[in-house]
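These are the residues of each chain, in order.
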Amino acid sequence: MHGQSFSLPTVFQQQLDEAVDEWQANGKVARLWARDASLWAGRDEDQWLDWLTISRELREHTDELSQALAFVREGDFSHAVLLGMGGSSLGPEVLQLTFGTQPGHPQWLILDSTDPAHIRAVEAQIDYAHSVFLVSSKSGSTLEPNIFKDYFFTRATEELGQAEASARFMTVTDPGSNMESVARADNFRAIFYGKSKIGGRYSVLSNFGLVPAAVMGVDVARFLDCTEEMVAACEQSDVARNPGVMLGLVMGLAAKQGRDKLTILTSPGIRAMGAWMEQLVAESTGKQGKGIIPVDGEALAAPEHYGDDRLFAYLHMAGDDDSAERARLDALVAAGHPLVRIELSDAYDLGKEFFRWEIATAVAGAVLNIHPFDQPDVEASKIETRKLTEAFEASGSLPEESAMAGDEHFTLFTDDANTNALRELAGADASVEDYLKAHLGRLGAGDYLALLAYINRLEPQHDAALQQIRNHVSQRERVATCVGYGPRFLHSTGQAYKGGPNSGVFLQITCDDAQDLPVPSRKYSFGVVKAAQAQGDFQVLSERKRRALRLHIGADTVSALQRLANILA
């Protein structure tokens, strides 16, 4: 079934067979393709389904896309910089990391962080005279792409003059958006359009994915032809032979059984896929107290280290040696864990996987009876961040916060309810170390730990320390663990963390910026924006009564994270 197979416990298989019969009897595949909103929550789901046919639609325009981007191929450009967030950046990142830099084409750098060190690291790699920029924003009103554009357009103008800067900027945005107006006012080289009836996380097969793909040298016509094979397979009414629908039924049924931690495992050639899948699944299903929590990047362990809340999905790229992983996967199946296996022939199968998982996520939403195309709790965080940045513009400062505890290395912050719970567990006069351990001690069966780090994602030592912590906790406590970098995860897993099941224990990590970076024409800086995003994030977690603690680690982030690893791991 297009490289897909399931290994399911007997009872689970019986439930799947019943669900297949029910979907078949009620013509639900046809209803999905007919955009019948009653398949889900009966709201406006029918207004968000243009992704079903977008690859077929754009296949007819690949020559036009190639012509519009001829200036990149013919120019002396060493780098292309994508300025985006969420769906507009995660899909292109998968394409870049899977296909790599193609001969004769620029190297993509993808910026989706307001961390000043991260932005400086991206800028340090480019020569403005030999770089092109793609501002990627569906709505044109998202804070991060707008201030990225302001910064890099200003810097390019300083280096090259406005005419040369304009000649190096492009945008992908929805028709009529604020970003379209900005691009026209600044005389951008090219404007490419998305579709208003495709949400950001379902947009990778639209121009939001195809423009970056073409710039990096992917054969877009071949890519879409491969994708169309999966589209056709997912249109067929025979449910048992429909790969996307079958996968979605497995995901939805697993979540209803309590196996709501979709644990994503990949071979090296397709490793980047997990971050895109995280956003698609979490933002689509994590709402109304329901949902699927995707777990990406966790080390594969022996069966005894897992609870009964897991559904494993293994994606393998042909040619990758995975003999050790396969032995461990077989052990998981033997221990009664459900497993999905998917085989990819080469990088051009990515389009198939994008569509397979989009269909599957929509079907899982139907099984869970939720609206898989909205993101109410992401919007809540954006609103709180906007309030804070507006307050800074007016007053020059963010609201003061009161610490619950601190020492010479760390400072802890949380709300009253979490403060009382932690003091009851560790004592009113406990040390920071004791409070941190008590916080992780709140993890129970079926819970998950999420490390939410507002730090530079490009620093390898940061990720090494966070992975050390999460893998130790996962195997010691037999719980799922997630690592997210702020503000990137706010547009991804943040929806499920706030709107999904209240089974998360959250440790938010913030830092002082060793060197801040100004945002042109604003009082606030990138460091202030990042701090406002962290505060807004935590405020919504608190309002949702989540078990959350913020750890502020100062400016020496590498040493601080290693100290944290020594405490928790």
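So, here's what we can say about the structure. Note that the structure is predicted; figures quoted are calculated from it, not measured. Chains are numbered independently. Their residues run from 1 in the order of the written sequence. Reporting in this predicted model follows two pLDDT cut-offs: at least 70 for local features of residues, and 80 or more for side-chain atom pairs to be given and counted; totals over whole chains, interfaces and linings ignore these cut-offs and use all residues. To get the side-chain values, all heavy atoms of the structure are used, and hydrogens and water are removed first.

### Let's talk about the overall build of the protein chain
Helix and strand assignments follow DSSP, with helices taken as H or I runs no shorter than four residues and strands as E runs no shorter than two, numbered in order from the N terminus. A tally of regular secondary structure across the protein chain gives 23 helices and 16 strands. In terms of C-alpha radius of gyration, the protein chain reaches 23 Å, essentially the compact-globule figure of 25 Å for 569 residues. Over its C-alpha atoms, taken along the principal directions, the protein chain stretches across nearly 60 × 60 × 45 Å. Only protein chains enter the calculation, and the probe is 1.4 Å; a residue is then buried if its accessible area is under 20% of its type maximum, exposed if over 50%, and partly exposed in between. Counting across all 569 residues of the protein chain, residues that qualify as buried make up 61%. The criterion used for residue contact is that any of the two residues' heavy atoms lie within 4.5 Å. When contacts within the protein chain are restricted to residue pairs at least 6 apart in sequence, long-range pairs at least 24 apart make up 79% of them. Positive charge is attributed to Lys and Arg, negative charge to Asp and Glu, and no charge count is given to His or to the chain ends. Note that the charge is assigned to NZ on lysines, CZ on arginines, CG on aspartates and CD on glutamates. A distance of 3 Å separates the average location of the 52 positive side-chain charges in the protein chain from that of its 78 negative side-chain charges. When we talk radius of gyration, it's over C-alpha atoms, and the globule rule is simply 2.2 Å times the number of residues to the 0.38.

### Observations regarding unusual backbone geometry
Of note, the amide linkage connecting G486 to P487 takes the cis form, showing an omega dihedral of 0 degrees. Structurally, the position occupied by P487 is in the loop between strand 14 (480-485) and helix 21 (494-499). One non-glycine residue, R478, lies in the positive phi region at around 60 degrees. Examined against the element boundaries, R478 turns out to sit in the loop between helix 20 (460-477) and strand 14. Since its relative accessible area comes to 41%, R478 is described here as partly exposed. Positive phi is not limited to glycine here, since S521 has a value of about 65 degrees.

### A few points about the side chain of K138
Mapped onto the elements of the fold, K138 is located in the loop between strand 4 (131-136) and helix 8 (143-160). With a relative accessible area of 15%, K138 lands in the buried category. For K138, the side chain forms a polar contact with the main-chain oxygen of K195, separated by 2.9 Å. Ignoring sequence-local partners within four residues, the contact set of K138 consists of T173, D174, S177, K195, S196, I198, G199, G200 and F208. Between N or O atoms, a polar contact is any pair within 3.5 Å; within protein, one atom must be a potential hydrogen donor and the other a potential acceptor, and residues adjacent in sequence are included only when both atoms are from side chains.

### Remarks on the environment of Q107
For Q107, the position within the fold is in strand 3 (residues 107-111). In the structure, Q107 is positioned 336 residues away from L443 in sequence and 42 Å away in space, judged by C-alpha atoms.

### Some details on the side chain of H491
Its place among the elements puts H491 in the loop between strand 14 and helix 21. When its relative accessible area of 8% is taken as the criterion, H491 is described as buried. Not counting chain neighbours up to four residues away, the residues in contact with H491 comprise M85, G86, T142, E144, Q279, E283 and K382.

### Regarding the packing of aromatic side chains
Whether two aromatic rings pair depends on their centres lying within 6.5 Å, for rings of Phe, Tyr and Trp, where Trp uses its six-membered ring; planes under 30 degrees apart make the pair stacked, over 60 edge-to-face, and the rest tilted. Following the criterion strictly, the structure yields 24 aromatic pairs and no others. Geometrically, the ring pair formed by F71 and F77 is edge-to-face, given 6.4 Å between the ring centres and 85 degrees between the ring planes. Summarising the aromatic geometry, the rings of F99 and Y348 are spaced 4.9 Å apart at their centres and angled 80 degrees between planes, so their arrangement reads as edge-to-face. One end of the pair, F99, is in helix 6 (residues 87-99); the other, Y348, is in the loop between strand 10 (339-344) and helix 16 (350-368), with 249 residues separating them in the sequence.

### So, helix 13 (residues 243-256)
For a helix, the expected span equals 1.5 Å multiplied by the residue count minus one. If you check helix 13, its first and last C-alpha atoms are 20 Å apart, about what 14 residues at 1.5 Å a residue would give, namely 20 Å. Burial within helix 13 is extensive, with 13 of its 14 residues counted as buried. Two or three places before G244, at the opening of helix 13, N242 has a side-chain oxygen 3.4 Å from that residue's backbone nitrogen. At the exit of helix 13 stands G258, carrying a positive phi of roughly 95 degrees.

### Quick notes on the packing of helix 14 (residues 273-285) against helix 16
Helix axes use the C-alpha atoms of the stretch in contact, all axes being lines fitted to C-alpha atoms, and the angles between their N-to-C directions lie in the range 0 to 180 degrees. Interaxial distance between helix 14 and helix 16 falls to 10 Å at its minimum, and their mutual angle equals 25 degrees. As summarised for this structure, helix 14 and helix 16 are arranged roughly parallel, according to the angle between their axes. As helix 14 packs across helix 16, the resulting crossing turns out to be right-handed. Two secondary-structure elements touch here, helix 14 through M273, W276, M277, L280, V281, S284 and T285 and helix 16 through L350, E353, F354, W357, E358, T361 and L368. Residue classes in the contact of helix 14 with helix 16 are distributed as 9 nonpolar, 3 polar and 2 charged. Here the word oblique covers every angle except those under 35 degrees (roughly parallel), over 145 (roughly antiparallel) and from 65 to 115 (roughly perpendicular). Left-handed describes a crossing whose near helix is turned anticlockwise from the far helix by less than a right angle; the clockwise case is right-handed. Residues are grouped as follows: Ala, Val, Leu, Ile, Met, Phe, Trp, Tyr, Cys and Pro are nonpolar; Asp, Glu, Lys and Arg are charged; every other residue, Gly included, is polar.

### So, the pairing of strand 15 (residues 504-510)
Across the 7 residues of strand 15, 7 count as buried, placing the element largely inside the fold. Alternating positions in strand 15 separate into two faces, G504, F506, Q508 and T510 on one and V505, L507 and I509 on the other, with burial throughout. When DSSP finds at least two bridges between two strands, those strands are taken to pair. Where strand 13 (residues 448-453) and strand 15 come together, 6 bridges link them in parallel fashion. Residue pairing across strands places L451 opposite L507, the latter belonging to strand 15. Whether a crossover is right-handed depends on one test, that the path from the first strand over the helix to the second runs clockwise when the strands point away from the viewer. This β-α-β element, strand 15 to helix 22 (residues 526-543) to strand 16 (residues 547-552), shows right-handed connectivity.

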